[in-house]
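For reference, the chains in residue letters:
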Amino acid sequence: MPASAVIHFPKGFLWGCATASHQVEGNNTNNNWYRWEQEGHTKHQSGLACDWWGGRWKEDMDRAAETFQNAHRFSVEWSRIQPLPDRWDESALERYRAMARGMTERGIAPMVTLHHFTDPLWLYDQCGWEDEAVVPLFEKYTRKVVEALKEYVTHWVTINEPNIYALSGYVAGDFPTCQASHKGMAAALRALANMLRGHAAAYHAIHQIQPEARVGYALHYRPMVAARPWFPPDLLMRNLQYSGINLAFPSALSSGVMKSPLGNVKIPQVKGLQDYLGINYYSVDTVKFDLGNPRELFGRRYFPEDSDFSATKFIANIPHGMYDSLAWAAKTYPNLPLIITENGVEDPADSLRPRYLAQHLQQVWRAVNFNFPVKGYYHWSLVDNFEWERGWTQRFGLWGLDVETQARLRRPSVDLYAEICRENGLSSDMVAKYAPEVSATMFPG
Ligand code: BGC
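Predicted, not measured: the structure shown is a model, and the values here were computed from it.

*Asks:* Explain the site of the ligand here, please?
*Replies:* In the vicinity of the ligand lie 14 residues, with Gln23, His116, Glu161, Glu342 and Glu387 positioned nearest. At 3.2 Å, a side-chain N or O of arginine 390 approaches an oxygen atom of the ligand. With the chains in place, 95% of the 310 Å² that the ligand exposes on its own is no longer accessible. Among the residues making up the shell around the ligand, the classes are represented as six nonpolar, four polar and four charged.

*Asks:* What should I look at first to understand the sheet that holds strand β6 (residues 214–220) in this one?
*Replies:* Strand pairs in the sheet, formed through backbone hydrogen bonds, run parallel or antiparallel to each other. One closed barrel accounts for eight strands, arranged β2-β3-β4-β5-β6-β10-β13-β14; its pairing is parallel. Between one strand axis and the next, the sheet turns through 25° on average, direction left out of account. Relative to β6, strand β5 (residues 155–160) runs parallel, the two sharing four bridges. Its bridge partner being in β6, tryptophan 156 is matched across the sheet by valine 215.

*Asks:* Would you explain helix α11 (residues 248–255) in this entry?
*Replies:* Quick reminder: α-helices carry 3.6 residues per turn. Residues three or four places apart thus point the same way. Across the eight residues of α11, six count as buried, placing the element largely inside the fold. Among the residues of α11, Ala248, Phe249, Pro250, Ser251, Ala252 and Leu253 are the ones counted as buried. Residues of α11 that are buried sit in contact with α8 (162–171), α9 (185–209), β6, α10 (232–246), β8 (257–258) and α12 (320–332). Positive backbone phi, approximately 85°, marks glycine 256, located one or two places after α11.

*Asks:* Mind showing me how you'd approach the environment of leucine 114 here?
*Replies:* By the element assignment, leucine 114 lies in strand β4 (residues 109–115). Separated by 94 residues in sequence, leucine 114 and alanine 20 place their C-alpha atoms 9.7 Å apart. Dropping the residues within four chain positions of it, leucine 114 is found in contact with Val76, Phe138, Tyr141, Thr142, Val145, Val157, Thr158 and Ile206.

*Asks:* In this structure, what is going on with the state of the cysteines? I would like to understand it.
*Replies:* Two cysteines joined by a covalent bond between their sulfur atoms form a disulfide. As enumerated under the stated definition, the model contains one disulfide in all. With its sulfur 2.0 Å from that of its partner, cysteine 127 forms a disulfide with cysteine 178. Taking the sign of the S-S torsion, 80° for the link of cysteine 127 and cysteine 178, the bridge is right-handed. One end of the pair, cysteine 127, is in the loop between α6 (121–124) and α7 (134–149); the other, cysteine 178, is in the loop between α8 and α9, and 51 residues separate them in sequence. Note on cysteine 421: no disulfide assigned, nearest cysteine sulfur contributed by cysteine 17 at a separation of 7.6 Å.

*Asks:* Honestly, the sheet that holds strand β7 (residues 224–226) in this entry has me stumped. Any pointers?
*Replies:* Read from one edge to the other, the open sheet built from three strands follows the order β7-β11-β12, with strand pairing classed as mixed. At either margin of the open sheet sits one strand with a lone partner, and together these are β7 and β12 (299–302). Shown here is a sheet whose adjacent strand axes are inclined to one another by a mean of 35°, direction ignored.

*Asks:* Looking at this structure, how should I read a nonpolar patch on the surface?
*Replies:* Taken together, the side chains of Phe289, Leu291 and Phe298 make up a nonpolar region of the molecular surface, amounting to roughly 280 Å² of accessible area. For phenylalanine 289, the location among the structural elements is in strand β11 (residues 285–289). Relative accessible area serves as the criterion here: at 31%, phenylalanine 289 is assigned to the partly exposed category.

*Asks:* I'm lost on the nonpolar core in this one. Help?
*Replies:* If you look at soluble globular proteins, the nonpolar side chains tend to sit buried side by side. In terms of nonpolar packing, the biggest core is built from 129 residues, with Val76, Leu149, Trp156, Leu277 and Leu326 touching the most fellow members. Counting residues per element, this core draws most heavily on α9, at 14 residues. In contact with leucine 149, other than residues within four places in its own chain, are Val76, Tyr96, Arg97, Ala100, Val112 and Trp156.

*Asks:* Sorry, what's going on with the side chain of aspartate 234 here?
*Replies:* In this structure, aspartate 234 sits in helix α10. At a separation of 2.8 Å, a polar atom in the side chain of aspartate 234 contacts the main-chain amide nitrogen of phenylalanine 289.

*Asks:* Would you mind showing me how to read α7 here?
*Replies:* Here α7 is 16 residues long and its end C-alpha atoms lie 22 Å apart, about the 22 Å a rise of 1.5 Å per residue gives. Along α7, the positions that sit buried rather than exposed are Val134, Val135, Phe138, Tyr141, Thr142, Val145, Val146, Ala148 and Leu149. Considered in projection along α7, the buried side chains sweep an arc of 160° and stay on one side of the axis. α7 presents Pro136 and Lys140 as exposed residues on the side facing more than 90 degrees away from its buried surface.

*Asks:* Where do I start with the pattern of salt bridges in this structure?
*Replies:* With the rule as written, the count across this model stands at 31 salt bridges. Put simply, arginine 408 and aspartate 60 hold a salt bridge, and the shortest N to O gap is 2.7 Å. Taken together, the residues arginine 408 in strand β16 (residues 408–410) and aspartate 60 in helix α3 (residues 52–66) connect sequence positions 348 residues apart. A salt bridge links glutamate 151 to arginine 97, with the nearest nitrogen and oxygen atoms 3.1 Å apart. Placement of the pair is glutamate 151 in the loop between α7 and β5 and arginine 97 in helix α5 (residues 90–105), with a sequence separation of 54 residues. Looking at glutamate 151, the relative accessible area reads 55%, which means it is exposed. One network of salt bridges, with partners in common, ties together Asp51, Arg56, Glu59, Asp60, Arg63 and Arg408.

*Asks:* Explain the pairing of strand β3 (residues 71–75) to me, please; I cannot follow it from the model alone.
*Replies:* One face of the sheet, then the other: side chains in a regular strand alternate in exactly this way. Burial analysis of β3 places five of its five residues in the buried class, which makes it a mostly covered element. Residue alternation in β3 divides its side chains into two sets, Ala71, Arg73 and Ser75 and His72 and Phe74, and both sets are buried. Where strand β2 (residues 14–18) and β3 come together, three bridges link them in parallel fashion. If you follow alanine 18 over to β3, its bridge partner there is arginine 73. Judged from the five bridges that link them, β3 and β4 form a sheet pairing that is parallel. Each residue of the ladder has a partner; that of alanine 71, found in β4, is alanine 109.

*Asks:* So what exactly am I meant to see when it comes to the packing of α8 against α9 here?
*Replies:* Two packed helices can be described by the angle between their axes and the distance between those axes. The interhelical angle for the contact between α8 and α9, taken along N-to-C directions, is 155°, at an axis separation of 9 Å. One way to sum up the angle between α8 and α9 is to call them roughly antiparallel. The interaxial crossing formed by α8 with α9 has right-handed handedness. Contacts between α8 and α9 involve Pro162, Asn163, Tyr165, Ala166, Tyr170 and Val171 from the first element and Met185, Ala187, Ala188, Ala191, Leu192 and Met195 from the second. Tallied by class, residues from the contact of α8 with α9 come to 11 nonpolar, one polar and no charged.

Rules and cut-offs
Residues numbered from 1 in each chain as written. Predicted model: local features only at pLDDT ≥ 70, side-chain atom pairs only at ≥ 80, totals over all residues. Heavy atoms only, no water. Near = heavy atom within 4 Å. Polar contact = N/O pair within 3.5 Å; in protein donor to acceptor, adjacent residues only side chain to side chain. Areas by Shrake-Rupley, 256 points an atom, 1.4 Å probe, with all protein chains shown as cover. Nonpolar A, V, L, I, M, F, W, Y, C, P; charged D, E, K, R; others polar. Pairing = 2+ DSSP bridges. Helix = DSSP H or I, 4+ residues; strand = E, 2+ residues; numbered from the N terminus. Axes fitted to C-alpha atoms, helices over the stretch in contact; angles between N-to-C directions. Buried < 20%, exposed > 50% of the residue type's maximum accessible area, 1.4 Å probe, protein only. Contact = heavy atoms within 4.5 Å. Disulfide = S-S within 2.5 Å. Patch = residues over 30% accessible without salt bridge, like charges linked within 9 Å, V, L, I, M, F, W, Y side chains within 5 Å. Salt bridge = Lys/Arg side-chain N within 4 Å of Asp/Glu carboxyl O. Core = buried A, V, L, I, M, F, W, Y, C linked by side-chain atoms within 4.5 Å. Expected span 1.5 Å × (residues − 1). Arc of directions from axis to C-beta. Parallel < 35°, antiparallel > 145°, perpendicular 65-115°, else oblique. Left-handed = near helix turned anticlockwise from the far one by under 90°.

Structure representation (structure tokens):
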């Protein structure tokens, strides 16, 4: 038997999981998602979620620490911190301080997201991100949070997946938008432009309070291929979808102009304002010209039939997309630190997750070997959590969750990830043990 091969990651690499307030806290009743759930737009309701607000973050952070994770990305909930335009809740801020402190005490470096899909009801009722009035409001909220948490936190994510927020709300209709009549690409672009302005304002505010801060945002990056590369309409659709979905924020950050298929918007103040790029990578889309889909500009995105699918076919396991995403980022922003702020798969049986994890990390390692400055990896997610419009139908946790009893179920992937975090590397022995089906392809010879 040949000796074990080990692929190593750079010293000081951040290993953790990512979560978001509404998905784990429970009893989050003052935001637009709660109302959206009450109105019956989601498969289930978030309810107690993982009961982090009730204090179960402590036991989950014990789990993370005991399995050698050294970082955790979580989000704070605007609607708890500022329940009304003229009211700040210091006790909510104190609770988040306790969480951040609790992580630090366990040897886990907290990274904080300021906005992860949810808006306070008072903001939502005035059409939130569609109106530029949100920008100074977001800045004020950011200042409050940073003042409260700066003792423990230096890594900040201003906004999670602005592109998915805009698309899922204004185009697909799966996420709440303040008025049904406001659907469509034009409203989506207005929201995106204001998110860019909000990011710029928050970037300066954070650095003013904490000069050593590292500030970025998390981009859902979606590599895409044309279904029939020789067929010009497919290629055209691929390019349109690719730039429409992926490039609005990145283009504004590199040039000060938000580029979109519907036209460009000048936002010069945002140019260059990122200390790292956060990448959420899940899968690669195949794109086809489809006359039947005018809502998405006649493009249809899908996964090929023979894909290595997740339980509900929401994700296809396409590891090279991880490398492609990092390569795109390194080329677009030379020398900018890159952090994988999310990557994971829904898999209640844990039959796919071990190989998904191992194969994706091998692609991260490939990127590291090309000297792309990758600084960390946050798995989505620690424990099964509330999956937005899809409710509890998808299970992304290393640990499973019994929603009725709050019991946690340790999946085999916990142990694989623990070994990886402890070794700061991935070995052929680990793959042979947890994902033997890909041993030969990952470690040939
Ligand atoms: C989001 C998470 C979500 C995950 C899996 C990402 O787009 O940031 O909130 O749970 O995907 O669906």
